[in-house]
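Structure assessment
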Amino acid sequence: MRRMGRPGLIGTMARTAVIAGTAQAVGGNVSRRQNQRWAAKEQQAQAEQYAVEQQAYQQQQSQAQMAAMQAELAQLQQAPQVAAAPAAGGGDLMAELQKLAQMKEAGILSDAEFAAAKAKLLG
């Protein structure tokens, strides 16, 4: 015979266990999803920080390279005018002209500065 009405002690305990287990499972899922979101946000922030650091490093390298080229240009402009070089010194003159051309291509020298430095080298 089945008993009608309110559940007994065992039925109440079983129902409570099912509710508690369900709540624990749902809570675990919510916690796991939150942790995944936080980890994704943290990973994105780290990637953005890395990109900013890389950009700053590249900018520093470019500035250092530009400063070195400008210093080299200043030395070329301050160097005394060289008379026509002998045949053996022709390689140095070509090297200096190539450096001037590279600085012009890099945008460090304007056309007028390039022409003046070239004229100074060639005498």
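Residues numbered from 1 in each chain as written. Predicted model: local features only at pLDDT ≥ 70, side-chain atom pairs only at ≥ 80, totals over all residues. Heavy atoms only, no water.

1. Re the overall build of the protein
A count of helices and strands for the protein gives three helices and zero strands. Tracing the protein from N to C terminus, the helices and strands come up as α-α-α. Considering the protein as a whole, with its 123 residues, one finds that 9% of them fall into the buried category. Intrachain contacts of the protein at a sequence separation of at least 6 include 67% that bridge at least 24 residues. (Helix = DSSP H or I, 4+ residues; strand = E, 2+ residues; numbered from the N terminus. Buried < 20%, exposed > 50% of the residue type's maximum accessible area, 1.4 Å probe, protein only. Contact = heavy atoms within 4.5 Å.)

2. Concerning the pattern of salt bridges
A complete count under the given rule lists three salt bridges for this structure. Note that K99 is salt-bridged to E96, the shortest N-O span being 4.0 Å. Here the residue K99 and the residue E96 both occupy positions in helix α2 (residues 90–105), the gap between them amounting to three residues, near one helical turn. Across the salt bridge formed by K104 and D111, the nearest N and O atoms sit 3.3 Å from each other. The network of salt bridges with common partners includes E72, E96 and K99. (Salt bridge = Lys/Arg side-chain N within 4 Å of Asp/Glu carboxyl O.)

3. Describing helix α1 (residues 9–78)
Given 3.6 residues per helical turn, the α-helix brings residues three or four places apart onto the same face. Its 70 residues place the ends of α1 102 Å apart at the C-alpha level, agreeing with the 104 Å of an ideal helix rising 1.5 Å per residue. Of all the residues in α1, the buried ones are M69, L73 and L76. (Expected span 1.5 Å × (residues − 1).)

4. What about the packing of aromatic side chains?
This structure, assessed with the given rule, holds zero aromatic pairs. A cation sits over an aromatic face here: K104 above F114, 5.2 Å from the ring centre. (Phe/Tyr/Trp six-rings, centres within 6.5 Å; stacked < 30°, edge-to-face > 60°. Lys NZ or Arg CZ within 6 Å of the ring centre and 35° of its normal.)

5. Regarding a positive patch on the surface
On the surface, R32, R33, R37 and K41 cluster together into a patch of positive charge. Here R37 is to be found in helix α1. Classification of R37 by relative accessible area gives exposed; the value is 53%. (Patch = residues over 30% accessible without salt bridge, like charges linked within 9 Å, V, L, I, M, F, W, Y side chains within 5 Å. Areas by Shrake-Rupley, 256 points an atom, 1.4 Å probe, with all protein chains shown as cover. Lys, Arg positive; Asp, Glu negative; His and termini not counted. Charge placed at Lys NZ, Arg CZ, Asp CG, Glu CD.)

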